[in-house]
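Each chain, letter by letter, is given below.
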Amino acid sequence: MAANDLTKRPALGQRSASLRRRHLLAALFKACCVGLTAAAVAVLGLLIYQVAADGLPWLDMQFLTNFPSRFAEKAGVKSALFGTLWIVTLTALISLPVGVLAAIYLEDYAPPSRLTRVIEINIANLAGVPSIVYGILGLAIFVRFMGLERSVLAGALTMSLLILPVIIISAKEAIRAVPASIRLAAFAVGATHWQVVRAHVLPAALPGILTGVILALSRAIGETAPLIMIGALTYVAFVPAGPMDEFTALPIQIFNWVSRPQQEFHELAAAGIIVLLVVLLSMNALAVLIRYQGTRK
Amino acid sequence: MTALAASRTRWGEVILRQLFFFCALISVLTTITVIGILAVETFSFFQEVAVTEFFFGTEWRPLLEPKAYGILPLLAGTMLIVVGSSLVALPIGLACAVYLSEYASQRSRHIVKPILEILAGIPTVVYGYFALTFVTPGLRQVFDDVQIFNAASAAIVVGIMVLPMVASLCDDALRSVPGSLREGAYSVGATSFEVTARVVVPAALSGIFAAFVLAVSRAIGETMAVTLAAGATPNLTLNPLESIQTMTAYMVQVSLGDTPSGGLAYKTLFAVASVLFTITLAMNLLANKVMRKFQEVYD
């Protein structure tokens, strides 16, 4: 080896130019990733700031207890809030039993057959169908074919179909997490299949199931498009008294206000968004709490 | 052995099993019903409008005279949203995922992940409001000829909306790459960039691809933000600063008006929905297939 080759090499402890470049590139890349993640997080802050700055001045008891109005000062979300409560309660009553029973079947009963595989793949794909397509389905089946008109029940049935895949997938995960030893022990002492499920699998999986159901319901609360498709009204000045009444819901009311050109209605929309987000965040908090209680055991 | 066999049929067990099976079957019935309804109504739509006019016509004017039923403007509008939102969501989402899986400490993971989950849980109508009251005014300060309703504003918020999904799915894909691959690369002197770009990302490529496909499919089906921010003007244009209409926004427009059921305008709803459903279903099937394949590699 010629001596001048050696002189080109950096001394011990020093980095060559190319190595320095490579490390610089790595540092830049890391900074990029960190920066873009920080930007994504900052967007959430920006969004919350924008909503709060616009909406907080409008948020008072009158806003919660008044019906919508042509006059921004008198307008409120009472009918929308009650409509959302109706929808979410009925949706829970319909989708919770159906979703959990379907998950029990798929995890505990289903034979490893072709039909089972078709059902599983179908559920995975249904979860990705745009919500507006469920609206079309609700319009054709519940509103027109079954003659439920623009009722709370038609809305709740549509929402139930929309969130069923989500509920089934999360309930399946919760059921799968129950150790096989618990099932086998129950079978070993002579329990029937249903006894095993009811007394051992379901109680153990309950926190996970509930967490999934609450998160799915919070998705249903924010969905607008399917309700618009089935013809939920944008102006409702009464509280639904039963499942066959017409209704409006928080996101629809917000949509209605945002789509008006006047600035004060945009601010009203922001106030409505605050109410919607408070409902959503408290449901999420509940889900986290249940998950926490569940894991502690 | 006979003593151990069930002494009688437990009818309660049998009935419960059938009930559970029926509940699981509802999902399949849902799919069949969706396809059935869309097929029947679309077929009756094509009794009145030529297939070629629908797919190749360049004007969409089903509610006004003279009527025209070419879906290309709606498809172009949807594509503008898809391209724009992908430009936002795919690179940033992947960068978030790389940060979360390759760089973040356990602690910052526990902070960033829930924030992304909150972003993912914000209703789309809220993003519509954000587009109109924040993004559009911002764009109008930068560019001169921005219309009040424009594709760019809607595309940006749709990008923000699907970003958490991209980040979370890509994160899953990157984290399922075995640590030994990373350690091997580091041990021969690779920098963190080289490990990520040449080892981890290529190994997770199918998962990342599936995440991108699902994100595009979400953007195609997105409704409220594009209805509010992108406008209601079917417009065959490539200029993102103009007002456009997407397939989903058209469907909302028809439902908000009082279109008599059974008429041709009503049937356009199903024809457009068929196109929307076919595209998104094809993309979801592709993504799920890729994802299953990719899970098999390292499981």
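Residues numbered from 1 in each chain as written. Chains lettered and ligands numbered in written order. Predicted model: local features only at pLDDT ≥ 70, side-chain atom pairs only at ≥ 80, totals over all residues. Heavy atoms only, no water.

## Focus on the interface of chain B and chain A
In this complex, chain B contributes 73 residues to the contact, which on the side of chain A involves 71 residues. Across the interface of chain B and chain A, roughly 6400 Å² is buried in total on both sides, 80% from carbon and sulfur atoms. Taken together, the connections running from chain B to chain A amount to 1 salt bridge. In this assembly, chain B and chain A are joined by 11 residue pairs in polar contact (both at pLDDT 80 or more). With 18 residues, helix α1 (residues 11–48) of chain B is the largest single contributor of residues to the side of chain B that touches chain A. Here the side of chain B that touches chain A is composed, by residue class, of 48 nonpolar, 20 polar and 5 charged. (Contact = heavy atoms within 4.5 Å. Buried area = accessible area lost by both parts, 1.4 Å probe. Salt bridge = Lys/Arg side-chain N within 4 Å of Asp/Glu carboxyl O. Polar contact = N/O pair within 3.5 Å; in protein donor to acceptor, adjacent residues only side chain to side chain. Helix = DSSP H or I, 4+ residues; strand = E, 2+ residues; numbered from the N terminus. Nonpolar A, V, L, I, M, F, W, Y, C, P; charged D, E, K, R; others polar.)

## Some words on the nonpolar core
Counting residues in each nonpolar core, the largest one holds 194 residues, and the members touching the most others are I104, I209 and L227 of chain A together with I81, Y127, M251 and L269 of chain B. Sort the elements by how many residues they give to this core and helix α6 (residues 151–175) of chain B lands first, with 15 residues. Other than its neighbours up to four places away in sequence, Y127 of chain B contacts L47 of chain A together with L119, I122, V157, I160, M161 and A225 of chain B. (Core = buried A, V, L, I, M, F, W, Y, C linked by side-chain atoms within 4.5 Å. Buried < 20%, exposed > 50% of the residue type's maximum accessible area, 1.4 Å probe, protein only.)

## Considering the packing of helix α5 (residues 114–126) of chain A against α1 of chain B
Their axes nearest at 9 Å, the elements α5 of chain A and α1 of chain B cross at an angle of 55°. As judged from the angle between their axes, α5 of chain A and α1 of chain B are oblique. Relative to α1 of chain B, α5 of chain A is oriented so that their crossing is left-handed. For the pair formed by α5 of chain A and α1 of chain B, the contact residues are L115, I119, N122, I123 and L126 of chain A on the first element and F21, A24, L25, S27, V28, T30 and T31 of chain B on the second. (Axes fitted to C-alpha atoms, helices over the stretch in contact; angles between N-to-C directions. Parallel < 35°, antiparallel > 145°, perpendicular 65-115°, else oblique. Left-handed = near helix turned anticlockwise from the far one by under 90°.)

## Brief notes about the packing of helix α3 (residues 72–103) of chain B against helix α9 (residues 205–221) of chain B
Residues and elements named next belong to chain B. Following both chains from N to C, one finds α3 and α9 inclined at 140°, their axes separated by 9 Å at the closest point. Relative to α9, α3 is oriented oblique. In terms of crossing hand, the pair formed by α3 and α9 is right-handed. Counted together, T78, I81, V82, S85, S86, L90 and L94 of α3 and I208, F212, A215, V216, A219 and I220 of α9 form the full contact between these two elements. In terms of residue class, the contact of α3 with α9 is built from 10 nonpolar, 3 polar and no charged.

## Re the domain arrangement of chain A
Residues and elements named next belong to chain A. For chain A, the assigned domains are domain 1 (14–57) and domain 2 (61–296). Of note, the centres of domain 1 and domain 2, computed from C-alpha atoms alone, are 35 Å apart. Facing the 5 residues of domain 1 at the interface are 5 residues of domain 2. Contact between domain 1 and domain 2 buries roughly 450 Å² in total, counting both sides, with carbon and sulfur atoms accounting for 79%. Together, V51, D54 and G55 form the three largest contributors to the area buried by domain 1 at its contact with domain 2, with a combined 83%. Seen at the junction of domain 1 and domain 2, the total is 0 salt bridges. Counting across the interface, domain 1 meets domain 2 through 0 residue pairs in polar contact (both at pLDDT 80 or more). The residue makeup of the side of domain 1 that touches domain 2, split by class, is 3 nonpolar, 1 polar and 1 charged. (Domains from an automatic or database assignment.)

## Here we look at the pattern of salt bridges
As enumerated under the stated definition, the model contains 10 salt bridges over all chains in all. Note that E194 of chain B is salt-bridged to R22 of chain A, the shortest N-O span being 2.6 Å. Within this pair, whereas E194 of chain B is found in helix α8 (residues 192–203), its partner R22 of chain A is found in helix α2 (residues 17–55), the two belonging to separate chains. For R22 of chain A, a relative accessible area of 29% corresponds to the partly exposed category. Of the charged contacts, one joins E59 of chain B and R61 of chain B as a salt bridge, the two residues approaching to 2.5 Å between their closest N and O atoms.

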